[in-house]
Protein chains: 4
Amino acid sequence: MPGNTFGHLFRITTAGEAHGPGNIVIIDGCPAGMPLSEDDLRPDLARRRPGQSRIVTQRDEPDVPQILSGVFEGRTTGTSIAILIENRDQRSHDYRDIKDKYRPGHADYSFDAKYGFRDYRGGGRSSARETTVRVAAGAVAKKLMAMEFGGRVIGYVKQVGHVIANVPDPASVTLEQVERLPNGEPNIVRCPDYEKAAEMVALIEQIRSEQNSIGGIAEIVATGVRAGLGEPVFDKLKADLGKALFTLPAVLGVEYGIGFGCATLRGTENNDPFYARRVEDTSGAGGGPRIATRSNRHGGMLGGISTGMPVILRAAVKPTSSLPLEQETVTTRGEPTTIRTRGRHDPCLLPRFVPMAEAMVALVLADHWLRWKASGKMGG
Amino acid sequence: MPGNTFGHLFRITTAGEAHGPGNIVIIDGCPAGMPLSEDDLRPDLARRRPGQSRIVTQRDEPDVPQILSGVFEGRTTGTSIAILIENRDQRSHDYRDIKDKYRPGHADYSFDAKYGFRDYRGGGRSSARETTVRVAAGAVAKKLMAMEFGGRVIGYVKQVGHVIANVPDPASVTLEQVERLPNGEPNIVRCPDYEKAAEMVALIEQIRSEQNSIGGIAEIVATGVRAGLGEPVFDKLKADLGKALFTLPAVLGVEYGIGFGCATLRGTENNDPFYARRVEDTSGAGGGPRIATRSNRHGGMLGGISTGMPVILRAAVKPTSSLPLEQETVTTRGEPTTIRTRGRHDPCLLPRFVPMAEAMVALVLADHWLRWKASGKMGG
Amino acid sequence: MPGNTFGHLFRITTAGEAHGPGNIVIIDGCPAGMPLSEDDLRPDLARRRPGQSRIVTQRDEPDVPQILSGVFEGRTTGTSIAILIENRDQRSHDYRDIKDKYRPGHADYSFDAKYGFRDYRGGGRSSARETTVRVAAGAVAKKLMAMEFGGRVIGYVKQVGHVIANVPDPASVTLEQVERLPNGEPNIVRCPDYEKAAEMVALIEQIRSEQNSIGGIAEIVATGVRAGLGEPVFDKLKADLGKALFTLPAVLGVEYGIGFGCATLRGTENNDPFYARRVEDTSGAGGGPRIATRSNRHGGMLGGISTGMPVILRAAVKPTSSLPLEQETVTTRGEPTTIRTRGRHDPCLLPRFVPMAEAMVALVLADHWLRWKASGKMGG
Amino acid sequence: MPGNTFGHLFRITTAGEAHGPGNIVIIDGCPAGMPLSEDDLRPDLARRRPGQSRIVTQRDEPDVPQILSGVFEGRTTGTSIAILIENRDQRSHDYRDIKDKYRPGHADYSFDAKYGFRDYRGGGRSSARETTVRVAAGAVAKKLMAMEFGGRVIGYVKQVGHVIANVPDPASVTLEQVERLPNGEPNIVRCPDYEKAAEMVALIEQIRSEQNSIGGIAEIVATGVRAGLGEPVFDKLKADLGKALFTLPAVLGVEYGIGFGCATLRGTENNDPFYARRVEDTSGAGGGPRIATRSNRHGGMLGGISTGMPVILRAAVKPTSSLPLEQETVTTRGEPTTIRTRGRHDPCLLPRFVPMAEAMVALVLADHWLRWKASGKMGG
């Protein structure tokens, strides 16, 4: 059944494979009149791009976006926006190994079980290349958020292996901190705790030299989200955000606010007390006294509806499944064998995962923003 | 915007509040010809029911389901099935306190921000009473799974506070183990590690005596799920299951397989090697040699598609927000105040959470089963 | 697959059969804060009610609506609204005839082919009793239209057999004209051309005395619909309205504006010239000069989007299939036989069809109104 | 709100404008393993192509389809299929006239009212060029129908102006008859009544010489559709087919079976008697005795569900709105003016409408076929 569409009012539909001509997204529901060009898409695509640093895969893809529809004289028309990103670096691999064997941790066997056959040249539709167009669509969603309600989504690497960053105030982290070190060089691991960032880079380089891979955790923070987004029962904001992050490859866990840490807390330790503060109007919610909480263990959502506090999520990302080391597996006929996955893989997915996660969070928030506009209070 | 519908081919739509006449679910998409009566719904409703043991809320609701449509002469007709569960124990509380104050950890403020007003007599639409009809619908989904492909969903309490159960083989846990102690008495905390179950009960009783509450973790296991369910990109099985659990009240985190534990693993430690085994045909997948994995850190899903291994999920559930202890908050006008939530609340949500979580997982699996039937291989 | 849901932002889901306990609708997406009670539903239910006059079926159903959720202290809460209408007059028929035979013109055979069996006591889910709750939901949609943008939907009988009403200005027809004759008596056939109304009544009475039935055409007019509703490609307003009317039992054709009459026109004869007029602001579109057309062959929609002119539709309704006269058919085992459908049937469906059609049109317009609010111009 | 998606299990999403780089469709839900290449798409695209004959627009577009994803080694992979058709003949028009004036019968004013501005170079998203990719997707749907259940969809021109074709047995019309005259020359008007075809061509040529345009009616017939497709209430097959045809530009009316003709019939004249016949198994419904009707005024659907009889629909298509003759209109500022639409327009839309209508009908039938597979009888 169709599973290539995401979102309701701000909705994307995607197509494309790792070894085909390219990937495409159709964005449906973006309001008319928003300034938009390919320039808006390039920064996040560059953050997701392979080959961007020494700790990511060296596949070389320029990832140039082409807007094919939905923009006229520099502004969105209100109709569907198609964006095409062509594949360039489709090296002529020797596919014999992966054609007849199931790579551990990959979807090869799942695809055969589901469809009866698969594009054996790589991940096909399950390749992370599919996320290029999600990142492009996410850039459109971010722009909508910024222009309509001053919203912002920023992610960063919170943990790689046992190295855990200390980020005392997630809502204050800036894109500049995530992308640049104090000395102006690129923050290639995207961790705003620079001391831990250096440790993470060292760990990833060591892991790569061992022909292995390592997992980690990303944290994503959305600010400027007014209270009232999300629906009470099934389309809770937390549920849609949770789904959004789980749609990304390699994500094995999602939590928000205190997350799994709530299991060992008492109610008195977990509840965030409300208080009233006087705020500037940056969220479209109107200025004046606004209700806030003194702590944010609830991660910006109560009853599945945003509270106006920063929305804070974390995703656990498994170590890359493709390994140059030999692993036990079976052939497609069920015979025991071993496999080494040659190719250019990320020793750690986290640095490139950050813009993907931001994109998915932005898509959900843009969607719920439009939902809120449609179904707010009577006459609202 | 409409947010009261869940699922695509096996789909539920719900309505109802804690203090209204009752809760209703319309199940749409259940195939014709399945035997069904209210008797199929009662066991899980009894497991969710308030007042079932000394460690849960003492609100007294019989939770009697009435099937109003979609069943003729004991079998489903293929058309929509409506189930009504009336509310009985709507005590005439003194609402003054919660009418004018925002309860910490509850959706009171979120609702006011979203809708401009709210049913101040309690949680309204965000009350856990809304889950009664989800559990009823889940019982229908479970029956469909059992009859069409021998699938089964079982949940249990994995952790309460710092008490963690040891469940070495989740796929072998039986409903009997979850519901009964070896001595035949009810396993009121629903933990199949009986030693830890006793500790959990003791902890919950202590917490209650302190007028406090405690969080925990539930584990849900689905077996008999054939390989091939789930879609590659957005409607990944893990994404739909993740959303499903996040739709439940109080859930702050969801993980599957090794979950957040993957963050500190290397690829060689995390990948599950494939092997071939000869299996009986219990899953509808056909007998003979079948591909399996030696371990199950992937939690039964790769690339978002089921592998035929048991599907294993965990949800983190926060401590009940309603507390008899005094907490800091504000009035609806933003003035500082304090609140004590009187009433009959669960000191720990986990024992009653188990059937709710099972229901949501069953709804997703029934849905993806039908999706698989519709869009499997050509001619399939 | 689920087919019991209609609409996107203003969405209804229904359940129920002719011979079960009752029919239910869940309305999802109605904005919060709208005054609503059962009193708002009764007038249109009375217009749809069997037994309302001598020219309709004499089945006696009071059709009392009960709002079970979504309304608190007389106003909608923004959450899902459930309405139950119980069946009362379920006479103990002798079903043997229709149990084992396929009634011509009915869905008996279709249901058996689809589901393998059917509720043989009558139409089951395909009975027109299912439309009770659509009419109730339509009354909510009409109220939303009236309160949010001054919109109004009125239908009437345009044709019965060869008797065709002359309604020179559809947009000026009032509910009073449709429901009452000049002498104050009920206009039982719901035709605002009183001369033709009398002829229609006479024709229907003659048809009934012949134990036969007769077809006709209804016309539905929506006014106060601002320009800009509808989407350019698939969710054209005309397409959603067309589908809406085709969902009603017995509808064999739908047209808008000049309709099938366009086939013999030249472009110069068909195009409606634009002109500018100064208008009062009744539509929420703002006052001042507004573009209109001198004629309305386009039926209020161009490119599938409303133009601000009255939306005018017509539906062709077949003669009732159930006939006391003997008809040729087969048994469920494929043997030739004959059938007479005993029971209390409408000799002409049109008078009771009018409120059903109005309801479906109102549901679409309420839905597109909310869609317009969500996705209008940037910042709009 | 998103309106660029059509269908549920076989679903298309489109983007593109008349004067942009091209049009794109993403087909989601096509089962895996179906042979597919661009060759499958070309025949219907050629039938829709401008410049194909002297009675259609002379804009020159080769309409070359490129499959960008979802096909591997000549077979569908089960994942989303993207098809791009680039625009070639985007002549540098002088747009001044249509930039500042509203063309009668076009969506110019509607778009401005909806979006605040529009692509003034032509129809933009509302141009019939958008239907290229619908026709391409329809070709995929037709292939699915043919391979999975032997279904077929054929359309033809039934009426142009007052010239009405006589087609006594719609279900027996062949593609060859629609496309070729007995002498082997192209049947450029696509009417299988050759005598009337000649009259239609003569009429269209006369109309063109008058710088005018003319309306007409197309008839579309689907055969091999097994009984049981369609849902009882809102997703009736007739409702989805009705919507499908109304999504096409210029359609002002849709009917099936006897259609509007039912208004003047009595029940005894309208009901189609059932009988049993012995049939070969060509529909996947199984051979042996099968129920059929002696006549087909019900157009192959009862209760909104297919009966196994041919599905027969008609659509009324208005005369082309663009006219070289001077017409009254207003400027975008509301000032009276006149307009002549220069350019290369169809004097009659019907010949090129036929493949568009076939495509939409095929998309609905492929969708409902997959729905039937998903939700047929228990264990089915």
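Residues numbered from 1 in each chain as written. Chains lettered and ligands numbered in written order. Predicted model: local features only at pLDDT ≥ 70, side-chain atom pairs only at ≥ 80, totals over all residues. Heavy atoms only, no water.

**Q** Help me out: how do you make sense of the overall build of chain A in this one?
**A** The number of helices and strands found in chain A is nine helices and 18 strands. Against the globule reference of 21 Å for 380 residues, chain A gives a C-alpha radius of gyration of 21 Å, in line with a compact fold. Projected onto the principal axes, the alpha-carbon positions of chain A cover approximately 65 × 50 × 45 Å. Put simply, chain A has 380 residues, and 69% of those count as buried. In chain A, 70% of the contacts between residues at least 6 apart in sequence involve partners at least 24 apart. Just so you have it, chain A exposes about 11,400 Å², and 48% of that area is on carbon and sulfur atoms. Computed over 48 positive and 44 negative side-chain charges, the inter-centroid distance for chain A is 2 Å. (Helix = DSSP H or I, 4+ residues; strand = E, 2+ residues; numbered from the N terminus. Rg over C-alpha atoms; globule rule 2.2 N^0.38 Å. Buried < 20%, exposed > 50% of the residue type's maximum accessible area, 1.4 Å probe, protein only. Contact = heavy atoms within 4.5 Å. Areas by Shrake-Rupley, 256 points an atom, 1.4 Å probe, with all protein chains shown as cover. Lys, Arg positive; Asp, Glu negative; His and termini not counted. Charge placed at Lys NZ, Arg CZ, Asp CG, Glu CD.)

**Q** Would you explain the relation of the copies chain A and chain B in this entry?
**A** Both copies of the chain are tied together by a single rotation about an axis and a shift running along it. For the pair chain A and chain B, the relating rotation is 180°, the translation along its axis is 0.0 Å, and the fit reaches an RMSD of 0.0 Å. With respect to symmetry, the two chain copies, as superposed, fit the operation of a two-fold axis. In terms of C-alpha distance to the rotation axis, chain A has Lys243(A) as its closest residue, with the C-alpha 2.4 Å off the axis. Interface overlap between copies: 99% of the residues of chain A at the interface are likewise at the interface in chain B, consistent with a symmetric, same-surface contact. (Least-squares fit on C-alpha atoms with pLDDT ≥ 70 in both.)

**Q** It is not clear to me how the environment of Met145(C) should be interpreted in this structure. Could you clarify?
**A** Residues and elements named next belong to chain C. Mapped onto the secondary structure, Met-145 falls in helix H4 (residues 131–149). The class for Met-145 is buried, based on a relative accessible area of 0%. The spacing of Met-145 and Asp-367 is 222 residues in sequence and 9.8 Å in space, taken between C-alpha atoms. Apart from residues lying up to four places away in sequence, Met-145 is in contact with Gly-150, Gly-151, Arg-152, Val-153, Ala-362, Leu-365 and Ala-366.

**Q** Please clarify how the interface of chain C and chain D should be interpreted in this entry.
**A** Quite often, the size of an interface is put as the accessible area lost when its parts meet. With 111 residues of chain C at the contact, the number on the chain D side is 112 residues. Taking both partners together, chain C and chain D bury about 8,800 Å²; carbon and sulfur atoms supply 62% of that area. Counting every contact that joins chain C to chain D gives 10 salt bridges. Taken together, the links from chain C to chain D amount to 51 residue pairs in polar contact (both at pLDDT 80 or more). In terms of residue class, the side of chain C that touches chain D is made up of 51 nonpolar, 37 polar and 23 charged. (Buried area = accessible area lost by both parts, 1.4 Å probe. Salt bridge = Lys/Arg side-chain N within 4 Å of Asp/Glu carboxyl O. Polar contact = N/O pair within 3.5 Å; in protein donor to acceptor, adjacent residues only side chain to side chain. Nonpolar A, V, L, I, M, F, W, Y, C, P; charged D, E, K, R; others polar.)

**Q** Before we go on, may I ask you to explain the side chain of Lys236(C) in this structure?
**A** Take Lys236(C): it is sitting in the loop between strand E10 (216–223) and helix H7 (237–246). Buried within the structure, Lys236(C) lacks any salt-bridge partner; its nearest side chain of opposite charge belongs to Glu130(D), at an N-O separation of 5.0 Å. A distance of 3.0 Å separates a polar atom in the side chain of Lys236(C) from the backbone oxygen of Pro232(C). Lys236(C) has contacts with Glu231(C), Gly303(C), Gly304(C), Arg134(D), Phe246(D), Thr247(D) and Pro249(D), leaving out every residue within four places of it along the chain.

**Q** Would you explain the pairing of strand E18 (residues 336–339) of chain D in this entry?
**A** The side chains of a regular strand alternate between the sheet's two faces. Residue and element names in this part refer to chain D. Pairing of strand E17 (residues 327–330) with E18, which is carried by four bridges, proceeds in the antiparallel orientation. Looking at the pairing, Gln-327 lines up with Ile-339 of E18. Linking E17 back to E18 in an antiparallel pair, the connection comprises five residues, with Gly-334 at a positive phi of about 90°. (Pairing = 2+ DSSP bridges.)

**Q** What's the story with the relation of the copies chain C and chain D in this structure? I'm lost.
**A** Overlaying chain C on chain D yields an RMSD of 0.0 Å, the required transformation being a rotation through 180° with an accompanying axial translation of 0.0 Å. Of all interface residues in chain C, 100% are interface residues in chain D too; the two copies therefore contact each other through one and the same surface.

**Q** Sorry, what's going on with the interface of chain A and chain B here?
**A** Contact residues are listed per partner, giving 111 residues for chain A and 110 residues for chain B. Around 8,800 Å² of area is buried between chain A and chain B when both sides are counted, 62% of it from carbon and sulfur atoms. Counting the surface chain A buries against chain B, the share from its top three residues, Met1(A), Lys114(A) and Phe234(A), is 11%. Joining chain A to chain B, the criterion identifies 10 salt bridges. One salt bridge connects Lys243(B) with Asp235(A), and the closest N-O pair in it is separated by 2.9 Å. Our count for the chain A to chain B interface comes out at 51 residue pairs in polar contact (both at pLDDT 80 or more). A class-by-class count of the residues in the side of chain A that touches chain B yields 51 nonpolar, 37 polar and 23 charged. Sheet topology places strand E11 (residues 251–256) of chain A next to strand E11 (residues 251–256) of chain B; three bridges connect them, and they run antiparallel. The residue of E11(B) that forms the bridge with Val254(A) is Val254(B).

**Q** Looking at this structure, I do not really get unusual backbone geometry. What am I missing?
**A** What you tend to see is this: most non-glycine residues have negative phi, and most peptide bonds are trans. For Glu73(A), which is not glycine, the phi torsion reads 50° and is therefore positive. You can see Glu73(A) is positioned in the loop between strand E5 (71–72) and strand E6 (75–76). A positive phi angle, close to 60°, is found at Arg190(D), a residue other than glycine. Its relative accessible area of 4% is what places Arg190(D) among the buried residues.

**Q** Hey, could you run me through the packing of helix H4 (residues 131–149) of chain A against helix H9 (residues 350–375) of chain A in this one?
**A** In a pair of packed helices, the angle between the axes and the distance between the axes together describe the arrangement. Residues and elements named next belong to chain A. Contact geometry for H4 and H9: axes closest at 7 Å, N-to-C directions at 45°. On the basis of their axis angle, the class for H4 and H9 is oblique. Considering how the two elements wind past one another, H4 and H9 form a crossing that is left-handed. In this structure, H4 contributes Thr-131, Arg-134, Val-135, Ala-137, Gly-138, Ala-141, Lys-142, Leu-144, Met-145, Glu-148 and Phe-149 to the contact, and H9 contributes Pro-355, Met-356, Glu-358, Ala-359, Met-360, Ala-362, Leu-363, Leu-365, Ala-366, Trp-369 and Lys-373. Each residue belonging to the contact of H4 with H9 can be placed in one class, and the counts come to 15 nonpolar, two polar and five charged. (Axes fitted to C-alpha atoms, helices over the stretch in contact; angles between N-to-C directions. Parallel < 35°, antiparallel > 145°, perpendicular 65-115°, else oblique. Left-handed = near helix turned anticlockwise from the far one by under 90°.)

**Q** Hey, could you run me through the sheet that holds strand E4 (residues 65–67) of chain D in this one?
**A** Each strand in a sheet pairs with its neighbour through backbone hydrogen bonds, running either in the same direction (parallel) or in the opposite one (antiparallel). Residue and element names in this part refer to chain D. With antiparallel pairing, five strands are arranged side by side in an open sheet as E1-E2-E3-E7-E4. Of all the strands in the sheet, just strand E1 (5–6) and E4 have a single pairing partner and so form its edges. Of the pairings in the sheet, the one linking E4 to strand E7 (residues 81–86) comprises three bridges and is antiparallel in character. Across the sheet, Pro-65 pairs through a bridge with Ile-85, a residue of E7. Relative to strand E3 (residues 22–28), helix H4 (residues 131–149) is tilted by about 30°, and along the sheet it contacts strand E2 (11–16), E3 and E7.

**Q** Explanation requested: the packing of helix H9 (residues 350–375) of chain B against helix H9 (residues 350–375) of chain D in the structure shown.
**A** It is the contact of H9(B) with H9(D), at a shortest axis distance of 7 Å, that shows an interaxial angle of 130°. The angle between the axes of H9(B) and H9(D) places the two elements in the oblique class. As for the relative orientation of H9(B) and H9(D), their crossing is right-handed in sense. Residues Leu370(B), Lys373(B) and Ala374(B) of H9(B) form the contact with H9(D), whose own contacting residues are Leu370(D), Lys373(D) and Ala374(D).

**Q** I would appreciate a short explanation of the sheet that holds strand E3 (residues 22–28) of chain C in the present structure.
**A** All names here are of chain C. Reading across the sheet, the five strands line up as E1-E2-E3-E7-E4 and stay open at both edges, with antiparallel pairing between neighbours. Each edge of the open sheet carries a strand with a single partner, namely strand E1 (5–6) and strand E4 (65–67). With six bridges joining them, strand E2 (residues 11–16) and E3 adopt antiparallel strand pairing. Bridge assignment links Thr-13 to a residue of E3, and that residue is Ile-26. Set on the sheet, H4 makes contact with E2, E3 and strand E7 (81–86); between it and E3 the angle comes to about 30°.

**Q** For this particular structure, what's the right way to read the confidence of the model for chain A?
**A** Any region with low pLDDT has predicted coordinates that should not be read closely. Taken over all residues, the pLDDT of chain A has a mean of 93, while the share at 70 or more is 94%. For this predicted complex, the interface score ipTM comes out at 0.96, while the overall pTM is 0.97. (pLDDT = per-residue confidence, 0-100.)

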